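Each chain is listed here by its residues.
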Amino acid sequence: MYKRKLGDAVLNIVLLLISLIWLVPLLWTVLMSFKDPNNVNGLTHLLGGIQLSWQNFAAAWTSGQFQLYYINTIEICAGILIVQLVTITLAGYAFARYSFRGKSIVFVIFLLQLMIPVSALIVPNYLTIKDLGLVDTKWAIMLPYFASAMGTFLMRQTFRQIPRDLEEAAMLDGASWWQIIWYVLLPAARPGLVAFSLVSVSFHWNDFLWPLIVTQTPQNQPLTVGLSLLTQMGETGAQWSMITAGTLLVVLPLLVMFILFQRQFISSFIQSGIK
Amino acid sequence: MPSSTGQKGQKKRGGKSGRAGLRAALLLAPSALILLIFTLWPMVVAVYHSLFLSDNAHPVPVFAGLANFTALGRDPVFVQVMRNTVLFIVGTVPVSMLIAMVLAVALNRRYRLTPFFRLALFHPVVLPMVSAASIWLFMYTPDYGIVDKVLALFGGPQINWLGEPGTALSAIMLMTIWKQVGYFMIFYLAGLQNIGQDPYEAAAVDGAGPVKAFRSITVPLLMPTSLFVFIIAMVDAFQMIDQLYVMTQGGPSNGTNMLLYYIYQQAFAFSNLGKASALSVILIVILLVVAVLQTLADKRVHYES
């Protein structure tokens, strides 16, 4: 018993050390973002040149056009999510409740999206976007994601777990198929939809490669692309305090959301991963 | 599947199968249309363009059969890119999985600080890769970055981590491990919940120590989780590109260039559509092989357990 307690204490200390090491990049970023950019000690000394001011954040916000990037990112995430919620509900319902010819073929097409993600298809998809005349638009960023196999399978699973009796009772009352989805199935599927929404928003908030390729002007670029442009300015170290502040501006919403809804976040990631 | 479901399905088919089929088609149409245009069609397009020479020297594409593919075999950069990709996978996937599994076992108990540990280890997953990459870019900066500062504290050498071909890939791998361990860990935590305490109590009765229990209970019982995590890790590894773009642009001298970044370079920096398409076809085939392996392995694990 005594030995076990000692073992636990050692384990906790080791875990504490690992956790702190894991946090170093974030803590260091916060530290850098509060340094006076004109103080020469800021770069050479770990704690040198610290100032308690939002100056760097204000600088990043204006110089990096972050306000524009923020609005774009929110528009893109919201646009994708709203359409996705509709498409995955409809498709998930079809897979859960209908049997029809060619179902397995359609199923395989959905599976393909899980196997071959959009990022592997950047070259041909860019050509399609060009043919559609959509280069440098937010539509270009959003369109490929309007269908989500992961979300569809999640909804299919959710709908399957809802007893058919509920639907049949509604059907006897004369409800149509869309009334059944809207009034009977969707309320019961809320947890699944919330889980999917968290994963979708965090994925598209973080998405970089595809927006980088299909957009060219700040009017359509999301935060991640904006941040990469900002980062390229500062390889010498002169602009670090502003760039780290900009990095935190990108990271903060998700981080706050994650800390507030930690449990929900983690279980969403697990659900969406396992399908 | 309960038999009642089957009967109902039959009833539906018997009565108004046409209408049900039409309705299903309408429900699936929006998703299917997007998938056809942005998942199925691009595969056809990639194969088509991979058969043509289409670059700055050939503004009008010239049919060339498999010339783009045979040219890749002679392309030293492609060989290096594939080598880097394999090195990256070998260097990150097993290490991340092992760390994630050990941490999950250590965190799978009630303790005051457990929520803090979990938060600390999982938070990199939520960060955008681009932000994480720009943070690590600064950390790795020679002289001023925190890595060199810490090394200097112990009298270590000052190294340009991302600027030397010998260290750049390892530096990126380290950052990637930091970023993904938390993600793998939550799957292991979920897996451990399913195992429960019983096997461990039995082992404790038999006098097995923690190391023995880990080897003979945890690792084998977590096999399905490991397989699942392995597949996610593989698919992810082939898509790692954001950090290359921010931290090294594939350099120095292609020391960190990997398949997807090479595709990006060929298509969007060098305008070599033929080569980029051939590379895309290779990536698609690799991802399909991974998917097939997953299906096969899935079956075996399910039969065994």
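Residues numbered from 1 in each chain as written. Chains lettered and ligands numbered in written order. Predicted model: local features only at pLDDT ≥ 70, side-chain atom pairs only at ≥ 80, totals over all residues.

Let's shift gears to the overall build of chain B. On a plain count of helices and strands, chain B comes out with 13 helices and 2 strands. Its C-alpha atoms give chain B a radius of gyration of 25 Å, more than 25% over the compact-globule value 19 Å for 305 residues. Once the C-alpha set of chain B is aligned to its principal axes, its extents read approximately 80 × 75 × 30 Å. (Helix = DSSP H or I, 4+ residues; strand = E, 2+ residues; numbered from the N terminus. Rg over C-alpha atoms; globule rule 2.2 N^0.38 Å.)

The next thing to look at is the overall build of chain A. Summing up its helical and strand segments, chain A has 15 helices and 0 strands in all. Its C-alpha atoms give chain A principal-axis dimensions of roughly 75 × 70 × 30 Å. Taken over 275 residues, chain A has a buried fraction of 44%. Sequence-distant contacts, at least 24 apart, represent 75% of the contacts inside chain A between residues at least 6 apart. (Buried ≥ 20, exposed ≤ 12 C-beta atoms within 10 Å, placed from the backbone. Contact = placed C-beta atoms within 7 Å.)

The next subject is the packing of helix 4 (residues 66–97) of chain A against helix 11 (residues 190–206) of chain A. Between two packed helices, both the angle of their axes relative to each other and the distance between the axes serve to describe the pair. All names here are of chain A. Following both chains from N to C, one finds helix 4 and helix 11 inclined at 145 degrees, their axes separated by 10 Å at the closest point. Between helix 4 and helix 11 lies a crossing of right-handed hand. Between helix 4, through T73, I76, C77, I80, L81, Q84, L85 and I88, and helix 11, the contact on the second element is made entirely by L193, F196, S197, S200, V201, H204 and W205. Of the residues assigned to the contact of helix 4 with helix 11, the class counts are 10 nonpolar, 5 polar and no charged. (Axes fitted to C-alpha atoms, helices over the stretch in contact; angles between N-to-C directions. Left-handed = near helix turned anticlockwise from the far one by under 90°. Nonpolar A, V, L, I, M, F, W, Y, C, P; charged D, E, K, R; others polar.)

Along an α-helix, residues three or four positions apart point the same way, because every turn accommodates 3.6 residues. The end-to-end C-alpha distance of helix 11 of chain A is 24 Å, a good match for the 24 Å that 17 residues give at a rise of 1.5 Å each. Of all the positions in helix 11 of chain A, only G192(A), A195(A), F196(A), L198(A), V199(A), S200(A), S202(A), H204(A), W205(A) and N206(A) are classed as buried. (Expected span 1.5 Å × (residues − 1).)

Right, let's get into the confidence of the model for chain A. Mean pLDDT for chain A: 87, with 95% of residues reaching 70 or above. Summarising per-element confidence for chain A, the mean pLDDT is lowest in helix 2 (residues 41–44) of chain A (70) and highest in helix 7 (residues 138–142) of chain A (97). (pLDDT = per-residue confidence, 0-100.)

What follows concerns the nonpolar core. Residues and elements named next belong to chain B. In terms of nonpolar packing, the biggest core is built from 150 residues, with F184, M185, Y188 and I263 touching the most fellow members. With 15 residues, helix 7 (residues 165–195) is the largest single contributor of residues to this core. Counting contributing residues, this core receives three or more from each of domain 1 (3–50) and domain 2 (75–304). Residues in contact with M185, not counting those within four places in the same chain, are A100, L103, A104, L121 and F122. (Core = buried A, V, L, I, M, F, W, Y, C linked by C-beta atoms within 7 Å. Domains from an automatic or database assignment.)

Residues and elements named next belong to chain B. Domain assignment breaks chain B into domain 1 (3–50) and domain 2 (75–304). Taking only C-alpha atoms into account, the centre of domain 1 sits 36 Å from that of domain 2. Facing the 5 residues of domain 1 at the interface are 7 residues of domain 2.

Here we take up the interface of chain A and chain B. Listed by partner, the interface residues are 70 residues for chain A and 71 residues for chain B. It is helix 1 (residues 2–33) of chain A that provides the largest number of residues to the side of chain A that touches chain B, a total of 11 residues. Taken together, the residues of the side of chain A that touches chain B break down into 50 nonpolar, 19 polar and 1 charged.

Attention now goes to the environment of V86(A). On the secondary structure map, V86(A) appears in helix 4. Sequence separation of V86(A) and F146(A) is 60 residues, and the distance between their C-alpha atoms is 9.3 Å.

All right, on to helix 12 (residues 259–269) of chain B then. Of all 11 residues making up helix 12 of chain B, 9 are buried, and the element is well covered by its neighbours. Among all positions in helix 12 of chain B, only L259(B), L260(B), Y261(B), Y262(B), I263(B), Y264(B), Q265(B), Q266(B) and A267(B) are buried.

With that settled, the discussion passes to unusual backbone geometry. Residue and element names in this part refer to chain B. With phi around 50 degrees, Q249 is a residue other than glycine that occupies positive phi space. Its location among the elements puts Q249 in the loop between helix 11 (242–247) and helix 12. Although it is not a glycine, N254 adopts a positive phi angle of roughly 60 degrees. Considering the arrangement of structural elements, one finds N254 in the loop between helix 11 and helix 12. A count of 21 C-beta atoms within 10 Å places N254 in the buried class.

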